[in-house]
Structures are given as C-alpha cells and as structure tokens.
Amino acid sequence: MNREEAKKLYVNIAKGGIFTSLLSPVVLSAPFFFPFIVPKTLFFQIAVMVALFFYIVVVALDKKYAPKFDTLTKLVLAFFGVSVLAAALGANPARSFFGTYERMLSVVGMAHFVAMYLIVKSVFVSHKDWLWLLRASVGASMLVSLYGVGQKLGMEWFYHAGIDRIDSTIGNAAFVAGYLIFAVFFACMLLVKDSRPVSRALATCSLALNAVIIYFTGTRGAAVALAAAGAVLFAAYIFRPVRAAFFKKEQMKWVLGVLALVLFAVMMLEGKGAYQSFQRFSSLSLADATVQTRLLSISTGREGFLERPVLGWGPENYNLVFDKYYNPKLYPAENWFDHAHNIFFDIATTTGIFGLVAYAALLGYLVFRTIAFARTAPENYWVGMLCFALVVAYFTQNIFVFDSLATYLPFFILLAFASNGFKLGDAGERGQENKERKFYNPSLTIISALVPVFALMVYWVDVRPAFGAYHTVAALQIPVAYAGEALGHFERALAYSNFGREEIRGKLADYASDLLYQEDSMDNEVKRRVAEFTVKEMEDSIAREPLNFRNYLYYASFLGGNHDRLAAIGIPNALERADEVLTLAQGLAPKKPILYLQWGRVKAMQKDTAGAVAMYEKAATLNPAATEPQVRLAIAYGKAGMRDRSLEVARAVFASGMSLDVRTYIDFAENFASLGAYDEAVIAAQKAVERDPSLASQAEAFIRLLEGKR
C-alpha cells in the first residue's frame, strides 16, 4: 500500500470514528453505574480517540489536513483554555479535570469534544461529506426517538416504560428535547440541500418523529426555544431574497404530510386520558414551582460568581456554590444541584468572567458567521438562516438547562460546519496522488509510536472508569446475605475508578446500612469488615474532598442511622463522630435545612434534647413553609417537656393544611397523646388510616387506649 492509499484509508477510519460517535446518545447499558451516562460517554470518548489516532497519522503524512486556526477555532480553543485554567486554579481541581460518574463532562470530557471538532472540520471537506454526516446524525436521532415511542407505549423491556415525560436513551427529558432540536434543524438542512429522494424521505420522517418526541418530553424550555427559532425563520421568510425559495409548490405536500403525521401521532399516543404534555406546556408561568426553583438556583449562582469572579470555582464545582449559598426556600424540592440550570450562570460560576466572555464570544461569532453565509448568495440563504435559528434555539434552551453529551455532540458538529465555511461545494483533493509503490511507509513508524500513548490514555480515561462503574453495579446486585462477595466488588470499583469515588462510597454506605439491619444470625465478622471498610472509605472522601458537603452528610447519616448496630460489632462512638462531622459540615452549607434535620436526629439519639430542639428550631427558621422541620420541632418540644410550644407548632401544622405522610401522622398521634391532647391524637391517628388503610386495626387499638385516659 503506497503513501496515498494509506492516507485515504486513515482518513476514512477517522471519519468512521466520527460517524460511530454519533451513535453515542443511543447507547444505554444496565450493567453500568449511571446507565444513561457512563456507557454512552465512554463509547463516545473511545470513538473519538480512534478517530484522533488516525487523524494524527494523516496529518503527519500530509500537513494539508492539519486544522486551520480560523477565528471560530481560536474561540473554541480559548473557551477550552479558560476551562483548563479555571480547573487548575479552582476549588477542587481533581473533580474539574476528571468529573463525576453522574455527569462525565469534565475538562477531560470537554477535550474529546474539542478533538472531535478539529477532526470534523479537517476531514469533512466536501458537500458529500457533510450530507452524509447530517444524514447519520438524523438517523441516530430517529433511534433515540423510536426508543421514546417504546417508552410511551409502555413496552416493559424498555427503561422507564410508561413514563409521563419521555427521557428515551438519554435519561433526562430536557436533554432529549435539546438533542432533538438539533436533529430537527439538521433534517431541515437536508430537505433544503439533499437531492436524493431516500434522504429527503429520511429527513421528513425524522422531522415528524422527533417533533412528536419533543412534545412528549414535556420540556417547556424546548417549547420556548422552538418558538424563538420559529420567529426567526418567519422573519427570515418575510425578508428573504426573491430567489431564496425554501419549498417549491410540489414540496408543500411533504410539509403538510409532516404536520398531519405529527398531529395524528400525538393524538394516538396521548390516548383517551388527560393531555399531560399539553397541560405542562400551557401551565408555564413564573409562579410555577419548577420555574421558581430555577430562579432561586440562579441567585445562588450569582453569589458564587461574586465570591470568585475571575476564573470561578472550576468546572464541575457548582455543587460547592450551591451548598455554600443555598437558598432555604429550595427545601425540600431541591437539595442537590451540581449545575446551575442556566448555562450562562453555570459558566460564570465555574469559569468566571473570562469563561463567560469566551463562551459569549463563541456564540456571538457563530451567529455572525451564519448570517454572513446566508447573505453570500440566494442558494445559501436558507442553510445560513436555519443555522442561525438553531443557534437561537440552543441559546434559548440553555437559559433553562445546561449542556450534556447529548447537546454538546451536535453543537460541536454545528461549530465545525460553520468553521469549515458551510461547505456546500466539492473541495477537491488535497494534494496530488502519488501512485508509486514504496517499500517503506512512514505511517507504520508513526502508528508504532502512537499506539502505546493512546493505549495508555484510553486505559486511564475509559477502561478503568468502565471497570469501576461495572463493579459498582455488580456489588449492588448481590444480596446482603453474600456481603463478602459484594465487598470484593466495591473494593475493585474503588481501586479502578480515577474519579467519582464519593458516588461509589455513597452506594457502599447504603449497602452497608442494609447489611447492618439484617437479623443477628448473619455473621458479625462480615458485618464488621463491611462496616469498617465503609467507615474508612467515607473518612477518605472527607479527607480528599474537604469542601464537598454531601460527603459529610452521607457519612453522618450512616453513622447516626446505624450507631447501635455499629457498637454491637465493635465500632463505638458513632454518634460522637457523626456530631463532629456535622460540626465540620456546617461551615460548608450553613443554610441547608437538611443539615440541621440530620443534626437534630443525632442530638436526639444522644439524649441531648436541648441540642435537638436547637437544631430543629434552626431548620424551621430557615424555611418556615417547609413541613418536616415544623413536624420535627413540634415532637422535639414535646420530648423536651415544652408542652405548650409543642402543641402550638403541631396545631399550626395541622391548621396550615400541609400535606403529611403516614409516618408523620403516626408521630403526631403519639406526640399529642403524650401531651394529653387526646382529641388531636385521635384525629392524627384517623388521618394515618386514611393514608394507609392497613393501619386500621392498630389505630382502633390506639384510640381505645386513649378513651380510657380521657
């Protein structure tokens, strides 16, 4: 194989890696921790690494394939560079660079998107290349949507079958909608420029199918985004050049067919029940609970930005800001945010003003390029305006959410398309072919040098995390009766994982708690081994991430909830350590009611009634409208002998009409009875039975006992 043949082969393999990466949103695998995130991210990263490997070989053989550093490329690299700098100087560099299993969108993850961008803009150089790339992207989106149809139809072998808001293979309705918005516009571009009947039919079907699934995601941010993009396209149609026709008369039947198909599919899939998705779209208002949550989280991000305005807290470190500047009004709806649900506050908080400026410049210049291209010639008008409208939709959608793999993947394809000059004509060959056969091909030397480097990178970035995610799920699937085997899987999971150890340790603590609650006939030695390993690992989480409030709360919850069982197997002073851990945690999240509720439980178990009252008073003061702090405070007052205060708070809760669960009504019944408020005790017991009729016999016995005391 001569040099030119080898170069052509390597270019095609690099393209194949990119085509393969487009299937990432479809990937879903139950045997992995976070099955909607981890498998698809690892799949994407490995596909990009394969493409990058052969792309580097191609560039070494022919410098004409090296990326051209135009303005858009410089802005992409500037945004990435700021992220790297912010990560290095941030509050938790390890998390910034390597991320978590739940998101896997760290600096290392971002590097793969940048690599993909450089590859795509350099090897997809012709009209044919881009048509195939858009076709493949649209085809992948149809697979995502078809899975969503299966969910809507309630097919039992699908994850989340019968779910109200379709989350498909992506696992989050908002991310599904954001991904499919790109697919809708890519399909429109195919309708404008693809002359193949099969491709036009594919684009038409995908438009209808993806529009239906966007509707069933019930994502109001996506609806607003599409409305904004629609307004742009309407204006573009009104002010279009005379020769810039979008649809010819004979093509209108396709448009009408799509609309009819969408309406028919929506009505059929909605069934005879309430139109839940439509009701969700129509209920959008600033008073909505979800909207209020987003607005409150934005205020939290503002406080974090003001503390570290230059380079922020570092990518993936928004959780530190959310905990430190937590707005108590968010309780109990939202206790854990690892991203601001607004991309601009998310970027400002994590990468500072430099990151925000870089991102704004990137989007602004992208808009400029799309409009400039639309103005070059009438035949380019609609491709340019569709790209402009897509940027508007992406911008609007991200006011309500943040990016994920599902949205970054098509976004970076769009960036590469713009950087490549919206290639609509053949670019021709890069250089001249040389048919001469050679005995020595330098590409073999290059490949030999690159193989160990890339093998090591893939092993550390993809293979080890994959084993960690696999062993975590394997451990959780083992019954506690075989806890020794599960412990081995947890040990391997933590040994393999380069990141996300605190997430695995949280699952370990849950498993250990289940084990400790088993009957005494179980081997205490196994319990002790698992418990000691859990304590050691939780202590290590605090030592390695001293600013992560969640680690402290998980550890204190494990110690407090299992203190008596831990003492029974030779691990004493669990309550004292839990108290110490929560004392340390207070400085990290001073306004989180969940902290004081947990602390109050620990104080109560220590028989420190005054301390318990103080903690519950703090939680209740932070958010007087929340139910649980008021309930816990009323009961704590009763146990502290503060009868009048207990009755006052309890009666206020009842009078407020707060929705209480069965356990709370039982606690109230017992508390009222201990305070001599027998009438209220009877009412509380009766309400418990209303919630759970199986308690009727116990409630009757309780009421008869009270009648004898009246």
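Cut-offs and rules
- Residues numbered from 1 in each chain as written.
- Predicted model: local features only at pLDDT ≥ 70, side-chain atom pairs only at ≥ 80, totals over all residues.
- Heavy atoms only, no water.
- Helix = DSSP H or I, 4+ residues; strand = E, 2+ residues; numbered from the N terminus.
- Contact = heavy atoms within 4.5 Å.
- Areas by Shrake-Rupley, 256 points an atom, 1.4 Å probe, with all protein chains shown as cover.
- Phe/Tyr/Trp six-rings, centres within 6.5 Å; stacked < 30°, edge-to-face > 60°.
- Buried < 20%, exposed > 50% of the residue type's maximum accessible area, 1.4 Å probe, protein only.
- Lys NZ or Arg CZ within 6 Å of the ring centre and 35° of its normal.
- 1 Å grid on protein atoms, 1.4 Å probe; cavity = no way out; pocket = protein on both sides within 12 Å on 5 of 7 lines; lining within 4 Å.
- Points joined across faces, edges and corners; volume = space filled by probe spheres on them.
- Nonpolar A, V, L, I, M, F, W, Y, C, P; charged D, E, K, R; others polar.
- Expected span 1.5 Å × (residues − 1).
- Polar contact = N/O pair within 3.5 Å; in protein donor to acceptor, adjacent residues only side chain to side chain.
- Axes fitted to C-alpha atoms, helices over the stretch in contact; angles between N-to-C directions.
- Parallel < 35°, antiparallel > 145°, perpendicular 65-115°, else oblique.
- Left-handed = near helix turned anticlockwise from the far one by under 90°.

S.K.: I'm lost on the overall build of the chain in this one. Help?
M.R.: From N to C terminus, the chain includes 30 helices and zero strands. Long-range pairs, those at least 24 residues apart, make up 73% of the contacts in the chain between residues at least 6 apart in sequence. For the chain, the accessible area works out to roughly 30,800 Å², and carbon and sulfur atoms hold 62% of it.

S.K.: Can you walk me through the packing of aromatic side chains in this structure?
M.R.: Working definition: an aromatic ring pair is given by the centre-to-centre distance plus the angle between the planes. Inspection of every chain in the model, using the stated rule, returns 38 aromatic pairs. Arranged with centres 5.4 Å apart and planes meeting at 65 degrees, the rings of F36 and Y159 form a pair that is edge-to-face. Taken as a pair, F36 in the loop between α1 (3–21) and α2 (38–61) and Y159 in the loop between α6 (127–152) and α7 (173–193) lie far apart in primary sequence, 123 residues in all. Overall, Y159 belongs to the partly exposed group, its relative accessible area being 30%. Over the ring of F124 we find K15; its NZ or CZ atom is 5.8 Å from the centre of that ring.

S.K.: Could you clarify how one ought to interpret unusual backbone geometry in this entry?
M.R.: Peptide bonds are trans in most cases, and residues, glycine excluded, mostly fall at negative phi. The residue after Y331, namely P332, is reached through a cis peptide bond having omega 0 degrees. Within the chain, M104 stands out as a residue other than glycine whose phi angle is a positive 55 degrees. Mapped onto the secondary structure, M104 falls in the loop between α4 (93–98) and α5 (107–123). Even without glycine at this site, E316 takes up a positive phi of about 70 degrees. Relative to the helices and strands, E316 is located in the loop between α12 (289–307) and α13 (318–324). Classification of E316 as buried rests on a relative accessible area of 5%.

S.K.: Help me out: how do you make sense of empty space enclosed by the protein in this one?
M.R.: If a probe the size of a water molecule is rolled over the atoms, the empty space left behind becomes visible. Inspection of every chain in the model, using the stated rule, returns five cavities of 30 Å³ or more. Along the wall of the largest cavity there are 17 residues; nearest its centre are L105, M110, P315, D346 and Y408. Put simply, the parts of the chain that give the lining of the largest cavity at least two residues each are α3 (71–88), α5 and α14 (343–374). The dominant element in the lining of the largest cavity, judged by the number of residues it contributes, is α14, at five residues. A breakdown of the residues in the lining of the largest cavity according to their chemical character gives nine nonpolar, five polar and three charged.

S.K.: Is there a simple way to think about α7 in this case?
M.R.: The periodicity of an α-helix, 3.6 residues per turn, causes residues three or four positions apart to be oriented the same way. The end-to-end C-alpha distance of α7 is 31 Å, a good match for the 30 Å that 21 residues give at a rise of 1.5 Å each. Taken across its 21 residues, α7 has 19 buried, putting it largely inside the fold. The N-terminus of α7 is capped by N172, whose side-chain oxygen sits 2.9 Å from the backbone nitrogen of A174.

S.K.: Hey, could you run me through the packing of helix α26 (residues 627–639) against helix α28 (residues 662–674) in this one?
M.R.: When two helices pack together, their arrangement is given by the angle between the helix axes and the distance between those axes. α28 packs onto α26 with a crossing angle of 25 degrees between their chain directions and a minimal axis gap of 10 Å. By the angle class used here, α26 and α28 are roughly parallel. The element α26 and its partner α28 pack so that their crossing is left-handed. Residues V631, R632, A634, I635 and G638 of α26 lie in contact with α28, whose contacting residues are T664, D667, F668 and N671. Grouping the amino acids of the contact of α26 with α28 by side-chain chemistry returns four nonpolar, three polar and two charged.

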